[in-house]
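Examination of the molecular architecture
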Amino acid sequence: MFAFETVMEGTQEELLLVAQKAQDAVLKAGADEVLIYFRMQIRKNEDVTIEDKIGKYS
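Definitions and cut-offs
Residues numbered from 1 in each chain as written. Predicted model: local features only at pLDDT ≥ 70, side-chain atom pairs only at ≥ 80, totals over all residues. Heavy atoms only, no water. Helix = DSSP H or I, 4+ residues; strand = E, 2+ residues; numbered from the N terminus. Rg over C-alpha atoms; globule rule 2.2 N^0.38 Å. Buried < 20%, exposed > 50% of the residue type's maximum accessible area, 1.4 Å probe, protein only. Contact = heavy atoms within 4.5 Å. Polar contact = N/O pair within 3.5 Å; in protein donor to acceptor, adjacent residues only side chain to side chain. Patch = residues over 30% accessible without salt bridge, like charges linked within 9 Å, V, L, I, M, F, W, Y side chains within 5 Å. Areas by Shrake-Rupley, 256 points an atom, 1.4 Å probe, with all protein chains shown as cover. Salt bridge = Lys/Arg side-chain N within 4 Å of Asp/Glu carboxyl O.

This part covers the overall build of the protein. Counting secondary structure elements, the protein contains 2 helices and 0 strands. In terms of C-alpha radius of gyration, the protein reaches 14 Å, well past the compact-globule figure of 10 Å for 58 residues. Along the longest, intermediate and shortest principal axes, the C-alpha atoms of the protein span 40 × 30 × 15 Å. Relative to its full complement of 58 residues, the protein shows a buried share of 7%.

Right, here's the structure in full:
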């Protein structure tokens, strides 16, 4: 079974860097192309936490 989604917590800059590193690793491993989809939840006056996103599943 493969994960279709990964939930991460961090600043937008940190998360984009993680995605760039993942892309680089996949291409270095031999892939000819990679598709990356971003979905970010941003609140005006408070942070969104991992618990907000996946707490209901534990």
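The next point concerns the environment of Glu-9. With respect to the secondary-structure elements, Glu-9 resides in the segment before helix H1 (12-28). You can call Glu-9 partly exposed: its relative accessible area is 48%. Linking Glu-9 and Ala-19, residues 10 residues apart in sequence, is a C-alpha distance of 13 Å. Leave out the neighbours within four places in its chain, and Glu-9 touches Leu-15, Val-48, Thr-49 and Ile-50. A distance of 2.6 Å separates the side chain of Glu-9 from the backbone nitrogen of Ile-50, its partner in a polar contact.

Right, let's talk about the environment of Val-34 for a bit. Looking at the element boundaries, Val-34 is found in the loop between H1 and helix H2 (50-54). A relative accessible area of 31% means that Val-34 is categorised as partly exposed. Residues Val-34 and Val-18 lie 16 residues apart in sequence; the distance between their C-alpha atoms is 15 Å. Sequence-distant contacts of Val-34, that is, excluding residues within four places in its chain, are made with Gln-23, Val-26 and Leu-27.

A surface patch of nonpolar side chains, amounting to about 650 Å² of accessible area, comprises Leu-16, Val-26, Leu-27, Val-34, Ile-36, Phe-38, Met-40 and Ile-42. Position of Leu-27 among the secondary structure elements: in helix H1.

The analysis is restricted to geometry; functional conclusions fall outside its scope.
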